[in-house]
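Here is what each chain is made of, one letter per residue.
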Amino acid sequence: MLRALACVALMSLSISVGAQAQEFTTLKGHGGPIMGLAVSPEGQVASASFDNSLGLWTDGVPEWLEGHDAAVISLNYSQAPALISGSDDFRVLLWHPALDRPFELTKHQGKVAGIAYDAESGRIATASWDGSLRLMELLGTLATPGLVLTRELLGHRSNVTDVRFAPGGGLLSTSSDGTIRAWEGPWDNPSSRVLVTHGFGINKLIVGGDWIAYGAVDGGTRVMTLDGEEIADFTLDRRPILAMAYHEDTGQLAVGDGHGFIMMIDTNEWRITRDFRAARQGPVWALAFSPDGKTIYAGGLDDVIYAWPVASLTEFEPGISGDRSFLREAATMPNGERQFMRKCSICHTLEAGPSRKAGPTLHKVFGRRAGTVPGYLYSDTLDGSEIIWSGETIDALFDEGPDHYIPGSKMPMQVIAGAQDRADLIAFLRDATRGE
């Protein structure tokens with residue numbers, strides 16, 4: 001098993017070395033964690049976020065694409081200016097400057113975790129937590145999509161987590177059932193076979209010509225032939241693997257994990273070249289290379305996209321030092337604030353005015369009727385709701401869980417089981433949201 005020398009330096013927004021300070025960059029503007037990244041052949045960065053939005057970045061300035069009703073978690077930008085996105089709202093949307101609004105390609109019965117595009121055939125494949133793949137053919141172009149022919153592919157026994165086109169037009173898919181399946185035959189009726197059995201759920205897949213690489217829940221990071229024979233095993237003591245990116249021209253494979261590390265692999269020699277800690281408190285959910293392979297973009301729990309020059313990242317010094325983290329230390333917070341940070345802060349702000357977060361502001365929430373913050377697009381369930389937010393209703397919300405207390409709302413399913421934890425949260429909110 002190959003192992004790397006992991007650096008112990010921690011993320012910071014500042015770099016002491018002047019030359020490197022000019023190269024390390026950040027893209028700021030999202031209102032939630034960064035769930036997906038892609039870079040166009042021309043170098044434009046596209047980002048998907050928990051704030052329900054996509055961002056297209058030009059010289060550090062974002063253009064926001066709004067159309068999903070839940071977190072955007074997957075995207076494909078290989079055919080820029082066309083962009084294809086998948087979301088927790090189960091929908092797959094096609095974005096193009098020639099379209100007045102995003103075009104819905106399909107709607108799964110679960111979140112859309114992976115999107116692939118085959119340039120030769122023009123076909124699109126999507127992977128969903130509903131256990132299916134969908135293979136689509138447009139009767140038109142990406143700028144004028146028209147009718148979509150769709151074939152649903154079933155075979156996995158659990159969530160389908162990623163999908164890639166294989167050489168020759170076949171498909172490869174990964175699943176929480178711990179397998180990689182190969183789909184072959186005519187596009188409207190392909191058959192499948194198990195290519196790899198890992199044993200633990202597989203999250204990510206890369207196809208690199210005559211090999212495939214995958215990352216799994218148990219930290220497994222392996223490279224196989226297209227016949228399922230092992231080439232290399234880069235498994236380290238970090239789990240789960242959450243992000244992978246490949247740059248063909250330079251032969252670089254990047255792997256991000258739940259501990260906040262990014263491992264760089266040379267696929268020409270099959271060796272680890274760099275292994276650095278990108279976040280003191282992970283995870284790394286999204287990775288993408290610049291077109292020349294000289295920059296690696298990464299995103300995680302923070303609402304910022306980070307970019308490092310690959311050449312400055314050695315096995316011993318990542319070029320970034322300090323104590324910046326994606327999360328403030330929980331031990332330094334009172335319990336009420338800690339509950340807010342864990343359960344509410346990703347979606348809600350405490351300040352007045354608009355924000356880019358997925359949920360409405362909680363400023364002056366006590367005594368406010370649910371579904372009434374101006375400018376926020378509520379679900380039909382909350383639009384016109386009779387609920388008045390108070391200590392009692394907030395307690396019930398987290399005691400029962402939003403999915404039971406307000407069925408049909410966009411709020412994530414979560415419960416605060418401890419009565420004292422709920423009381424501490426409510427006390428914190430009373431003080432933090434009262435305003436002037």
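The structure presented is a predicted model; accordingly, all values stated were derived computationally and were not measured.

### Considering the overall build of the protein chain
Next up, step 1: Across its full length, the protein chain holds five helices and 28 strands.
Next up, step 2: For the protein chain, the proportion of its 436 residues judged to be buried stands at 55%.
Next up, step 3: Pairs at least 24 residues apart make up 46% of the contacts formed inside the protein chain by residues separated by at least 6 positions.
Next up, step 4: Accessible surface for the protein chain amounts to roughly 18,900 Å². Of this, 50% is attributable to carbon and sulfur atoms.

### Some remarks on the sheet that holds strand β13 (residues 147–154)
Next up, step 1: Taking strand neighbours across the sheet as the criterion, the four strands line up as β10-β11-β12-β13 in an open arrangement whose pairing is antiparallel. Each end of this open sheet is capped by a strand with a single partner; those strands are β10 (112–118) and β13. The sheet shows a mean angle of 20° between the axes of neighbouring strands, taken without regard to direction.
Next up, step 2: Pairing of β10 with strand β11 (residues 123–128) involves six bridges; the strand directions are antiparallel. Opposite Val-112, over in β11, you have Ser-128 as the bridge partner.

### Observations concerning the confidence of the model for the protein chain
Next up, step 1: Of the residues in the protein chain, 90% have a pLDDT of 70 or more, and the chain-wide mean is 86.
Next up, step 2: Below a pLDDT of 50 lies the segment residues 1–22, which in the model reaches 65 contacts outside its immediate sequence neighbourhood of four places, other chains included.
Next up, step 3: The low-confidence segment residues 315–327, where pLDDT is below 50, has 53 contacts with residues more than four positions distant or belonging to other chains.

### Some remarks on the nonpolar core
Next up, step 1: In this structure, Phe-340, Trp-389, Phe-398, Leu-425 and Leu-429 are the most contacted members of the largest nonpolar core, which totals 20 residues.
Next up, step 2: Elements that contribute at least two residues to this core include exactly α3 (391–400) and α5 (419–432).
Next up, step 3: Ranked by residues supplied to this core, first place goes to α5 with four residues.
Next up, step 4: The contact partners of Trp-389, leaving out residues within four places of it in the chain, are Val-365, Phe-366, Gly-367, Arg-368, Ala-370, Ile-394, Leu-397, Tyr-405 and Ile-406.
Next up, step 5: Within the second largest apolar cluster, 18 residues are counted, among which are Ala-245, Phe-276, Leu-287 and Val-310.

### So, the sheet that holds strand β26 (residues 284–289)
Think of a sheet as strands paired side by side through backbone hydrogen bonds, with each pair either parallel or antiparallel.
Next up, step 1: A sheet is described by the order of its strands in space; here four strands give the open sequence β1-β28-β27-β26, paired in antiparallel fashion. Both outer strands of the open sheet, β1 (25–28) and β26, are each paired with one neighbouring strand and no more. Recorded for the sheet is a direction-independent mean angle of 20° between the axes of neighbouring strands.
Next up, step 2: Examined bridge by bridge, β26 and strand β27 (residues 295–300) share five bridges and lie antiparallel to one another. Following the sheet pairing, Leu-287 is matched in β27 by Ala-298.

### Topic: the packing of helix α2 (residues 335–343) against α5
Next up, step 1: The N-to-C vectors of α2 and α5 enclose an angle of 90°; their axes lie 7 Å apart at closest approach. Relative to α5, the element α2 is oriented roughly perpendicular. Only Gln-420, Asp-421, Asp-424, Leu-425, Phe-428 and Leu-429 of α5 make contact with α2, whose side of the interface consists of Asn-335, Gly-336, Glu-337, Gln-339 and Phe-340.
Next up, step 2: Looking at side-chain class alone, the contact of α2 with α5 contains four nonpolar, four polar and three charged residues.

### A word on the state of the cysteines
Next up, step 1: Within this structure, the stated rule accounts for zero disulfides.
Next up, step 2: Of all cysteine sulfurs in the structure, the one in Cys-344 sits closest to Cys-347, which takes part in no disulfide; the separation is 8.6 Å.
Next up, step 3: Residue classification places Cys-347 among the buried positions, given a relative accessible area of 13%.

So, how was this worked out
- Residues numbered from 1 in each chain as written.
- Predicted model: local features only at pLDDT ≥ 70, side-chain atom pairs only at ≥ 80, totals over all residues.
- Heavy atoms only, no water.
- Helix = DSSP H or I, 4+ residues; strand = E, 2+ residues; numbered from the N terminus.
- Buried < 20%, exposed > 50% of the residue type's maximum accessible area, 1.4 Å probe, protein only.
- Contact = heavy atoms within 4.5 Å.
- Areas by Shrake-Rupley, 256 points an atom, 1.4 Å probe, with all protein chains shown as cover.
- Pairing = 2+ DSSP bridges.
- Axes fitted to C-alpha atoms, helices over the stretch in contact; angles between N-to-C directions.
- pLDDT = per-residue confidence, 0-100.
- Core = buried A, V, L, I, M, F, W, Y, C linked by side-chain atoms within 4.5 Å.
- Parallel < 35°, antiparallel > 145°, perpendicular 65-115°, else oblique.
- Nonpolar A, V, L, I, M, F, W, Y, C, P; charged D, E, K, R; others polar.
- Disulfide = S-S within 2.5 Å.

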